[in-house]
Amino acid sequence: MHISSGRWVYGLFLALLTALLWGILPIKLKQVLLVMDPVTVTWFRLLVSGGCLFLYLAATRRLPSRKVLGPKGGWLVLMAVLGLVGNYVLYLMGLNLLSPGTAQLVVQMGPILLLIASLFVFKERFSVGQGIGLLVLLIGFALFFNQRLAELLTSLTDYTTGVLMVLAASTVWTFYALGQKQLLTVWNSLQVMMVIYLFCALLLTPWVHPLEALRLSRLQGWLLLGCCLNTLIAYGAFAEALAHWEASRVSATLAITPLVTFAAVAMAAWLWPDYVHAETINGLGYGGAVLVVFGSALVALGPSLIAGLRARRVRMTAG
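These lines cover the structure that appears in this document, whether it is placed above or below. (Residues numbered from 1 in each chain as written. Predicted model: local features only at pLDDT ≥ 70, side-chain atom pairs only at ≥ 80, totals over all residues. Heavy atoms only, no water.)

1. As for the overall build of the protein chain
Link 1 in the chain: Assigned secondary structure in the protein chain consists of 13 helices and zero strands.
Link 2 in the chain: Secondary structure elements in the protein chain, listed N-terminal to C-terminal, are α-α-α-α-α-α-α-α-α-α-α-α-α.
Link 3 in the chain: Against the compact-globule benchmark of 20 Å for 319 residues, the protein chain has a radius of gyration of 20 Å, which places it among compact chains.
Link 4 in the chain: A principal-axis box enclosing the C-alpha atoms of the protein chain has dimensions of 70 × 55 × 35 Å. (Helix = DSSP H or I, 4+ residues; strand = E, 2+ residues; numbered from the N terminus. Rg over C-alpha atoms; globule rule 2.2 N^0.38 Å.)

In structure tokens, the structure reads:
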């Protein structure tokens, strides 16, 4: 089993950096999507990120070996590739119809669905603390959508379609995460990401329109480059954070990502009102967003909290 280095301050910094990068990503993507289609934007992000990783791994002579995969390795790669392609494209299609904050909040269902899938695939345990966190998260979602709950449940508007697409993106991301988790037993995280990114880009190539990039304004061009580098740096920081801090605490820290998005949208709408529009959410909706974040963190920390309480109870009994 992997043991963290114990440099928790460094791990916390990297986790916060990841949350910041993921939090501002939807704002940049929203501007690029005004000109480019979701498939082409995804292709650029994956190709640039995968290409950078390939150059680095080739220079350090650490390119992944096909031989170590075994007979089932190809199927794992295929599952991860299809899951990530579906996640990226469906998320951008949903983002086209939603505000950045709403899209980022709905994406929080991804880790929850992964947790549920892990119960069956990896026979992991579901603690009482995680159950409470899941209940808090669902209540938070109900409060967040309080203004449009009837619309979500009774009609198929653009808003409802956007939410369903982001939910679908979170669902297929689960297959990517499960495949990646198994691939990490034979390759390191950089090798896994390089293979998946490049295969995803190759899979999308027949449907992309790269010349759309020529229609971008100078600002949108820089934002597209920022989206590509964001994909590379954020996942790198995330992987490095896991090397120095416990996975549950990293996941709990990343739960603040939607709040980062809401804060970033508010600041961007104030600074650049011609480009970014403020979120149209009432106080109850913002309270629901906080509950979703709290519930996500509780789901991540549930096992650790329960184990800590039991250990404390044992020490008190022994004393």
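2. A word on the packing of helix α2 (residues 38-59) against helix α10 (residues 218-244)
Link 1 in the chain: Contact geometry of α2 with α10 gives a least axis separation of 8 Å together with a crossing angle of 50 degrees. Here α10 runs oblique to α2, going by the angle between their axes. The way α2 lies across α10 gives a crossing that is right-handed. Contacts between α2 and α10 pair V41, F44, R45, V48, S49, C52 and L53 from the former with L224, C227, C228, T231 and L232 from the latter. (Axes fitted to C-alpha atoms, helices over the stretch in contact; angles between N-to-C directions. Parallel < 35°, antiparallel > 145°, perpendicular 65-115°, else oblique. Left-handed = near helix turned anticlockwise from the far one by under 90°. Contact = heavy atoms within 4.5 Å.)

3. Considering a nonpolar patch on the surface
Link 1 in the chain: Side chains of L219, M267, W270, L271, W272 and Y275 sit close together on the surface and give an oily, nonpolar patch of about 750 Å² of accessible area.
Link 2 in the chain: Here the element with the most residues in the nonpolar patch is helix α12 (residues 257-271); it accounts for three residues.
Link 3 in the chain: Here L219 is to be found in helix α10.
Link 4 in the chain: Judged by relative accessible area, which is 43%, L219 ranks as partly exposed. (Patch = residues over 30% accessible without salt bridge, like charges linked within 9 Å, V, L, I, M, F, W, Y side chains within 5 Å. Areas by Shrake-Rupley, 256 points an atom, 1.4 Å probe, with all protein chains shown as cover. Salt bridge = Lys/Arg side-chain N within 4 Å of Asp/Glu carboxyl O. Buried < 20%, exposed > 50% of the residue type's maximum accessible area, 1.4 Å probe, protein only.)

4. Some thoughts on the layout of surface pockets
Link 1 in the chain: Here the second largest pocket is characterised by a volume of approximately 430 Å³.
Link 2 in the chain: As for the second largest pocket, its lining consists of 23 residues, and the residues nearest its centre are L98, S99, P100, A278 and E279.
Link 3 in the chain: At the level of elements, α1 (8-32) and α4 (100-106) are the ones that each hand at least two residues to the lining of the second largest pocket.
Link 4 in the chain: Among the elements that make up the lining of the second largest pocket, the one with the highest residue count is α1 (three residues).
Link 5 in the chain: Looking at the lining of the second largest pocket residue by residue, the class counts come to 13 nonpolar, seven polar and three charged. (1 Å grid on protein atoms, 1.4 Å probe; cavity = no way out; pocket = protein on both sides within 12 Å on 5 of 7 lines; lining within 4 Å. Points joined across faces, edges and corners; volume = space filled by probe spheres on them. Nonpolar A, V, L, I, M, F, W, Y, C, P; charged D, E, K, R; others polar.)

5. Focus on the packing of helix α5 (residues 109-121) against helix α6 (residues 128-144)
Link 1 in the chain: Two elements in contact, α5 and α6, have axes whose closest approach is 12 Å; the angle formed by their N-to-C orientations is 145 degrees. Seen from above, α5 lies across α6 with left-handed handedness. On α6, the residues that touch M109, I112 and L115 of α5 are Q130, L134, L137 and F141.
Link 2 in the chain: Classifying every residue of the contact of α5 with α6 by side-chain character gives six nonpolar, one polar and no charged.

6. Here we look at the environment of I27
Link 1 in the chain: Relative to the elements of secondary structure, I27 occurs in helix α1.
Link 2 in the chain: A relative accessible area of 12% means that I27 is categorised as buried.
Link 3 in the chain: Between the C-alpha atom of I27 and that of V85, which follows or precedes it by 58 residues, the distance is 20 Å.
Link 4 in the chain: Excluding residues that lie within four positions of it along the chain, I27 makes contacts with P100, T261, A264, V265 and V276.

7. A look at helix α9 (residues 189-204)
Link 1 in the chain: With 16 residues, α9 ought to run about 22 Å at 1.5 Å a step, and its terminal C-alpha atoms sit 22 Å apart, in line with that.
Link 2 in the chain: Inspection of α9 places Q191, V192, M193, M194, V195, I196, Y197, C200, A201 and L204 among the buried residues, and these make up the whole buried set.
Link 3 in the chain: Next to the buried residues of α9 lie α2, α3 (73-95), α8 (158-183) and α10.
Link 4 in the chain: With a side-chain oxygen lying 3.1 Å from the backbone nitrogen of L190, the N-terminal cap of α9 falls on N188. (Expected span 1.5 Å × (residues − 1). Polar contact = N/O pair within 3.5 Å; in protein donor to acceptor, adjacent residues only side chain to side chain.)

8. A few points about the pattern of salt bridges
Once their charged atoms are close, side chains differing in charge can pair, the charge on each being opposite to the other.
Link 1 in the chain: Counted according to the given criterion, the structure contains one salt bridge.
Link 2 in the chain: Note that E151 is salt-bridged to R148, the shortest N-O span being 3.0 Å.

9. Overview of the packing of aromatic side chains
Link 1 in the chain: This structure, assessed with the given rule, holds nine aromatic pairs.
Link 2 in the chain: Between F144 and F262 the ring centres are 6.0 Å apart and the planes differ by 50 degrees, which places this aromatic pair in the tilted class. Of this pair, F144 sits in helix α6 while F262 sits in helix α12, and the two are 118 residues apart along the sequence.
Link 3 in the chain: Given the relative accessible area of 4%, F144 is considered buried.
Link 4 in the chain: Ring pairs connect the aromatic residues F141, F144, F145, Y159, F262 and Y286, which therefore count as one cluster.
Link 5 in the chain: Against the face of Y159 rests R148, its NZ or CZ located 3.8 Å from the ring centre. (Phe/Tyr/Trp six-rings, centres within 6.5 Å; stacked < 30°, edge-to-face > 60°. Lys NZ or Arg CZ within 6 Å of the ring centre and 35° of its normal.)

10. Quick notes on unusual backbone geometry
The bulk of non-glycine residues show a negative phi, and the bulk of peptide bonds are trans.
Link 1 in the chain: For R61, which is not glycine, the phi torsion reads 55 degrees and is therefore positive.
Link 2 in the chain: Counting through the fold element by element, R61 comes out in the loop between α2 and α3.
Link 3 in the chain: On the basis of relative accessibility, which here comes to 80%, the residue R61 falls in the exposed class.

11. Quick word on the side chain of Q108
Link 1 in the chain: By the secondary structure assignment, Q108 is in the loop between α4 and α5.
Link 2 in the chain: A relative accessible area of 9% places Q108 in the buried class.
Link 3 in the chain: A polar contact of 3.3 Å, which involves the side chain of Q108, links it to the side chain of S296.

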